[in-house]
Each structure stands twice: as structure tokens, then as C-alpha cells.
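Fold and contact review
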Amino acid sequence: MSKAGLLAMLVVSLLCAHVYADTQKDADLSSLKALPYDQARWHALHFKPASESASDDQCLACHAEILETRVRAKSPAGVKASEALAWYATLDTYSGDEETFHRRHLVTDYAKQVMDLKCRTCHLGNDPREEVGMSHAGGDPTLTQRKQVDPNICLLCHGQFPYEIMAIPGPWVEFGSAFQNNCLLCHTIFRTHRHQVNYLKPEAIEKLATEKQDVCFGCHGGRSWYGISYPYPRHAWPGMAETVPEWAKGRPTESEPRFLLGVAKPKPQAAKQPAKSSKPDNEPQGTKP
């Protein structure tokens, strides 16, 4: 057979394999949808290790309502959604109509712009018998009691603004104007290696932060659902001082391994020479841990 003939066969084989893979994928999703509820709730996708690699398509095959359900036009009390303004919607990064929780995190314009959240980012399965770790001999000790999502995942973006450790006199809403409401006044020097996780789009975040003031504060206090802040890992950055502040002692230097899957390691950079200053060569630190 000629080289041209072999090449043609190879191309046809690859096309057939691609079509088969797509067909098989559709068949797998159809089989998930066809499962009776009592079988579906015990499906392997709800348990590790399968839950750690489940695709959004697999999850949404059974849970499509989380994106299909929309906010009511009017609440039972008669308040119109179009006339309501939630406290977290006052930031300039919040745009468009009121949305449901999952839609706001997955399919809104802003979510697509700065986030890359997957179903498995927050949901790693749960034991249908009891959502309590080690409630039976084969229990999962990592389960969070009575929670389908570990609250620490929410804290990643919805914790309080930790002004106590940032040399800021008080909350950002009160003292941000003293810093021109611009987080990058300081953070072009301190903690410059950030957002390098697979559930965010770091380049988009960094670019938008130079254009909109609430891009940073939106996640770091502006939409806080908790009274505490998240103890972020201290990723090393060029020029970082060797001395570790008291509040940062014991913190990890890398994000959780599952959040680093598919994230490219940054190339080593030469440390920038800090400008001469009478202040200590270290990041701001307060008195509280």
C-alpha cells in the first residue's frame, strides 16, 4: 500500500476513534440519567476516588436543575427581584440580574471571566448513610459533619478581610481610601505570587484588578460569609524576606495538591532589589495571628 493510502487509513481511524469516544461518552451520560434514584445515590461518582475526577457533564447529567432553576421574579412576601439589592451585590464586580448560588459561581459572565470552578472543586462526594466522618467501620474520616461541602472551600473566597495582619488600622471599607482603594499599591511588592490554582483564572484576575477596585476586595472581604479569614498558604515570591512573621508561622507554602493539578509551576525569577526605606524589609504584619 502506498504512503498516501496508509495516511488516509490513519486519518479515517482517528476520526472513527473520536466519533466512538463521543458516542461512548453520550452513552455513559445517558446511562447515568436512566438510573433509578436508589441506585444513583450509591453510584461510584459519589465516592472517592471517582468523585475526585468526575466531570461537570457527569454531575449535571443528574443534577441539571442547579443551573436550570432561576431566581423567582417575586418573593413569597411580594418583593420583586428586580428591585432588591443584596449587601454583596453593591460591589462594582457584581453585575446583571440576581442569580441562584450555582449559576453565580459557574455560568455568569463574571464567573466565566475570573473563575474556573468545577463541580468537584466544592463537592467531593458524600456518604448517603450519614454525612458524619467515621460513623461506621468503613467511614471516611475526611467528611465534614452534616455538610456536603467543606466550609473551608467557601472560606477561600468568602472570609473576612484580615486587616489585623496587614498594617491597616481597620476594615477596608473604612480605611481603604487611605490607600486609594487600591490593593496593588502594596501588592506589587508583597505576596505577588497568587491565584495560581486550578479554580481561578489568574491572568484575568490580575488584569481586572488594575481596572476595577473591587476585584480584589470582592473575594477578600467584600462578600464575606464568615467572621474569620482564610489562612492562605504563603507562596514564595521574588524578594520575599527570609524572616517569617509571627502570624504566618506554621502556614503551608503551597496550596492543596488537588488545587494544583494542571497548574504550571512559575519560572524562577530574579529577586527585585527593594527600594531604600527606613522600614524593615518585610511584609506588613500586625499583632494578631
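Let me begin by describing the structure that accompanies this report. (Residues numbered from 1 in each chain as written. Predicted model: local features only at pLDDT ≥ 70, side-chain atom pairs only at ≥ 80, totals over all residues. Heavy atoms only, no water.)

On to the overall build of the protein, then. A count of helices and strands for the protein gives 11 helices and 0 strands. Overall, the protein shows an N-to-C arrangement of helices and strands of α-α-α-α-α-α-α-α-α-α-α. Within the protein, residue pairs in contact and separated by at least 24 positions form 66% of the contacts whose partners lie at least 6 positions apart. Accessible surface, the protein: about 19400 Å² in total, of which carbon and sulfur atoms supply 58%. (Helix = DSSP H or I, 4+ residues; strand = E, 2+ residues; numbered from the N terminus. Contact = heavy atoms within 4.5 Å. Areas by Shrake-Rupley, 256 points an atom, 1.4 Å probe, with all protein chains shown as cover.)

Our focus in this paragraph is unusual backbone geometry. In this structure, Pro-49 follows Lys-48 across a cis peptide bond, with omega equal to 10°. Looking at where Pro-49 falls in the secondary structure, it is placed in the loop between α2 (37-40) and α3 (56-63). With a phi close to 60°, Ala-167 is a non-glycine residue in the positive phi region. Within the secondary structure, Ala-167 is located in the loop between α8 (151-158) and α9 (172-175).

Within the structure shown, the criterion is met by 10 aromatic pairs. Judged by centre distance (5.5 Å) and plane angle (85°), the rings of Trp-87 and Tyr-88 are edge-to-face. For Trp-87, a relative accessible area of 45% corresponds to the partly exposed category. A cation over an aromatic ring shows up here: Arg-104 above the ring of Tyr-94, its NZ or CZ 3.8 Å from the ring centre. Just above the ring of Trp-247 sits the side chain of Arg-234; from NZ or CZ to the centre is 5.9 Å. (Phe/Tyr/Trp six-rings, centres within 6.5 Å; stacked < 30°, edge-to-face > 60°. Buried < 20%, exposed > 50% of the residue type's maximum accessible area, 1.4 Å probe, protein only. Lys NZ or Arg CZ within 6 Å of the ring centre and 35° of its normal.)

Right, let's talk about the nonpolar core for a bit. Counting residues in hydrophobic clusters, the biggest one holds 26 residues, and the most contacted among them are Leu-156 and Tyr-199. Where this core is concerned, the elements lending two or more residues are α6 (109-114), α8, α10 (202-209) and α11 (214-222). If one sorts the elements of this core by residue count, α8 sits on top with 4 residues. Other than its neighbours up to four places away in sequence, Tyr-199 contacts Met-115, Asp-116, Leu-117, Thr-121, Leu-156 and Phe-259. Counting 5 residues, the second-largest nonpolar core is a separate cluster that includes Leu-29, Leu-32, Leu-45 and Ala-61. (Core = buried A, V, L, I, M, F, W, Y, C linked by side-chain atoms within 4.5 Å.)

This part takes up α10. An α-helix turns once every 3.6 residues. As a result, residues three or four positions apart point the same way. Among the residues of α10, those classed as buried are Pro-202, Ile-205, Leu-208 and Ala-209. Considered in projection along α10, the buried side chains sweep an arc of 135° and stay on one side of the axis. In α10, the exposed positions that point more than 90 degrees away from the buried face belong to Glu-203 and Lys-207. Next to the buried residues of α10 lie α6 and α11. (Arc of directions from axis to C-beta.)

Attention now moves to the environment of Arg-70. Relative to the helices and strands, Arg-70 is located in the loop between α4 (65-68) and α5 (101-106). Other than its neighbours up to four places away in sequence, Arg-70 contacts Glu-99, Thr-100 and Arg-103. Here the side chain of Arg-70 touches Glu-99 through a polar contact of 3.4 Å, side chain to side chain. (Polar contact = N/O pair within 3.5 Å; in protein donor to acceptor, adjacent residues only side chain to side chain.)

A separate point is the pattern of salt bridges. Under the counting rule described, the total for this entry stands at 7 salt bridges. Notably, a salt bridge pairs Glu-99 with Arg-103, separated by 2.9 Å at the nearest N-O pair. For the pair Glu-99 and Arg-103, a shared accessibility class is recorded, and that class is buried. Two residues, Lys-207 and Glu-211, come together in a salt bridge whose shortest N-O distance is 2.7 Å. Because the salt bridges share partners, they merge into one network encompassing Arg-70, Glu-99 and Arg-103. (Salt bridge = Lys/Arg side-chain N within 4 Å of Asp/Glu carboxyl O.)

Take Ser-224: it is sitting in the segment after α11. Apart from residues no more than four positions distant in its own chain, Ser-224 is found in contact with Trp-87, His-158, Gly-159 and Gln-160.

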